[in-house]
Amino acid sequence: MGHVTAPVLLLLGRGKDSNSERGVDCPGDLPAPSDPGLVERAAAAKAALGDRVFVLGHHYQRDEVIQFADVTGDSFKLAREAAARPDAEFIVFCGVHFMAESADILTTESQRVVLPDLAAGCSMADMAVLEQVEQCWDLLSDLGIADSVVPVTYMNSSADIKGFVGRNGGVVCTSSNAKRALDWAYAQGEKVLFLPDQHLGRNTAVLEMGYSLDDCVLYDPHKPNGGLTDQQLRDAKMILWRGHCSVHGRFTLENVLAMREQVPGVNILVHPECRHEVVTEADYVGSTEYIIKKLEAAEPGSAWAVGTELNLVRRLAAAHPDKQVMFLEKTVCYCSTMNRIDLPHLVWALEELVAGRVPNQITVDPDTAHHARVALDQMLALP
């Protein structure tokens, strides 16, 4: 697998970059989005494959794709679901690249993981590139503090980064177990290097663990020394990587205050990938699964402004007509890369499998997979 030194924009999904961790070639002809028979074709292909295929759908996927998912969930739940289906020959992952990598790491060698569109990536995961992270680690080693630093990476990271963390005694975390992962990390060392989402790291350290904002420093891989002094790195308890979610980073304190003014009594419910000032001002903060369960348990007639991806918020609003469920920000905020997985790509991928061809297979090299599995297993072993 190659390493990306900068996110690559490939217009209209055509062509490929040999230096990227994923190409965007789509061999064969994609069905037209206007094809009225797409739903029927997807159903027929899935039926023809039967138990040989297992389709996973992330919560942020379009409804047109979700309807064909055998299981829906967040990235880690879906990877575990894939691992729990050893008899399924093909795992069709309707999500993004790092999720399909995790599924490949956790499934058996005989199973093949398919991503319907190879251009479905994650801008946050792309913000932490192995070469940059290794340069940061070298800097910490030169300062004589690497031995006291435990790397922790969010699930939303590439297999390369998970492998780096596994090789260096660290752990993977999700948005729902970040505090437990950090508790474990601080029991192993004095400092944490948190990859790649600065907001989840900061929010967990400050709001759940009692650290101050001054205990956290932001490492920018595009600046010499990460934009920090040697002393700042020595003093820090939490070294945050300069990465963020392009969806959750859109929400602002102004959005929250405007919503409170417009809808008296509204409950503000946001994801911990949101900025610190948004999370601080919200009423409830939690993972995607937490958000779903919170709305399920909410009182009829209650009003909720939700700060997460729009496909999910719209689906939740439709599922709870007895509650007022609104999107926290007034402008449309889909996860653009997740939305690349559409019905034409799903139909194409399923029909290719029916024809005996395996399209867009996602594979992680054995060494990276081994060390990534170490970090994932450490997460599963968290107390």
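As a reminder, the structure under discussion sits directly above these lines.
Residues numbered from 1 in each chain as written. Predicted model: local features only at pLDDT ≥ 70, side-chain atom pairs only at ≥ 80, totals over all residues. Heavy atoms only, no water.

**As for the overall build of the protein**
What the protein contains, in helices and strands, is 16 helices and 14 strands. Over its C-alpha trace the protein gives a radius of gyration of 21 Å, about what one expects of a compact globule, namely 21 Å for 383 residues. With respect to the principal axes defined by its C-alpha atoms, the protein has extents near 60 × 55 × 40 Å. Looking at the protein as a whole, 58% of its 383 residues are labelled buried. Here the analysis covers contacts within the protein between residues at least 6 apart in sequence; of these, 65% occur between residues at least 24 apart. Summed over its atoms, the accessible surface of the protein is roughly 16,100 Å², and 48% of this surface lies on carbon and sulfur atoms. Side chains of the protein give 33 positive and 52 negative charges; the mean places of these two sets differ by 3 Å. (Helix = DSSP H or I, 4+ residues; strand = E, 2+ residues; numbered from the N terminus. Rg over C-alpha atoms; globule rule 2.2 N^0.38 Å. Buried < 20%, exposed > 50% of the residue type's maximum accessible area, 1.4 Å probe, protein only. Contact = heavy atoms within 4.5 Å. Areas by Shrake-Rupley, 256 points an atom, 1.4 Å probe, with all protein chains shown as cover. Lys, Arg positive; Asp, Glu negative; His and termini not counted. Charge placed at Lys NZ, Arg CZ, Asp CG, Glu CD.)

**Observations regarding unusual backbone geometry**
The peptide bond linking L195 to P196 adopts the cis configuration, its omega dihedral lying at -25°. In this fold, P196 is placed in the loop between strand 7 (191-195) and helix 9 (198-209). Residues other than glycine seldom take positive phi values, yet N225 does so here, at roughly 60°. Mapped onto the elements of the fold, N225 is located in the loop between strand 8 (216-219) and helix 10 (230-235). Accessibility expressed as a relative area gives 28% for N225, which makes it partly exposed. Here N360, not a glycine, exhibits a phi torsion of approximately 50°, which is positive. By relative accessible area, N360 is classed as buried at 9%.

**Quick word on the side chain of S148**
If you trace the backbone, S148 turns up in the loop between helix 6 (130-142) and strand 5 (149-154). Sequence-distant contacts of S148, defined by excluding residues within four places in its chain, comprise G189, E190 and K191.

**Quick look at helix 8 (residues 178-188)**
Looking at helix 8, one finds that the buried residues are A178, A181, L182, W184, A185 and Y186. Elements in contact with the buried residues of helix 8: strand 5, strand 6 (171-173), strand 7, helix 9, strand 9 (238-241) and helix 16 (366-380).

**Quick look at the sheet that holds strand 13 (residues 324-327)**
The parallel open sheet is built from four strands, whose spatial order is 11-10-12-13. Among the strands making up the open sheet, the edge pair consists of strand 11 (284-285) and strand 13. For strand 10 (residues 267-270) and strand 11, the ladder comprises two bridges, and the chain directions are parallel. Following the sheet pairing, L269 is matched in strand 11 by Y284. Of the strands in this sheet, strand 10, strand 11, strand 12 (303-307) and strand 13 are in contact with helix 13 (residues 288-297), which crosses strand 10 at around 155°. (Pairing = 2+ DSSP bridges. Axes fitted to C-alpha atoms, helices over the stretch in contact; angles between N-to-C directions.)

**Examining the nonpolar core**
If you look at the biggest cluster of nonpolar residues, it comprises 131 residues, and the most contacted ones within it are V92, L140, F194, M238 and I268. Setting aside anything within four residues of it in sequence, one finds M238 in contact with L182, Y186, V192, F194, G201, A205, D215, C216 and V217. (Core = buried A, V, L, I, M, F, W, Y, C linked by side-chain atoms within 4.5 Å.)

**Section: the sheet that holds strand 9**
Pairing within the open sheet is parallel, and its five strands lie in the order 6-5-7-9-8. The sheet terminates laterally at strand 6 and strand 8, the two strands that pair on one side only. If you compare each strand with its neighbour and ignore which way they point, the axes differ by 25° on average. In the sheet, strand 8 pairs with strand 9 via four bridges, with the strands oriented parallel. Bridge assignment links C216 to a residue of strand 9, and that residue is M238.

**Focus: the pairing of strand 12**
For strand 12, a buried count of five out of five residues is recorded, marking the element as mostly surrounded by other parts of the structure. Every second residue of strand 12 is oriented toward a common face, with A303, A305 and G307 on one face and W304 and V306 on the other, all of them buried. Both strand 10 and strand 12 contribute to a ladder of four bridges, which runs parallel. Within strand 12, the position partnered with V270 by the bridge is G307.

**Some remarks on the environment of R242**
Of note, R242 is situated in the loop between strand 9 and helix 11 (253-262). Given the relative accessible area of 43%, R242 is considered partly exposed. Between the C-alpha atom of R242 and that of K323, which follows or precedes it by 81 residues, the distance is 37 Å. Those residues in contact with R242, other than ones at most four positions away along the chain, are M127, P196, Q198, L218, Y219, D220 and P221.

**Some remarks on a negative patch on the surface**
A cluster of acidic side chains, namely E131, E134, D138 and D142, defines a negative patch on the protein surface. Mapped onto the elements of the fold, D142 is located in helix 6. (Patch = residues over 30% accessible without salt bridge, like charges linked within 9 Å, V, L, I, M, F, W, Y side chains within 5 Å. Salt bridge = Lys/Arg side-chain N within 4 Å of Asp/Glu carboxyl O.)

**Observations concerning the environment of F164**
Position of F164 relative to the elements: it lies in helix 7 (residues 159-167). Separated by 49 residues in the primary sequence, F164 and L115 have C-alpha atoms spaced 24 Å apart. Contacts of F164, omitting those with residues within four sequence positions, involve L130, V133, E134, W137 and P151.

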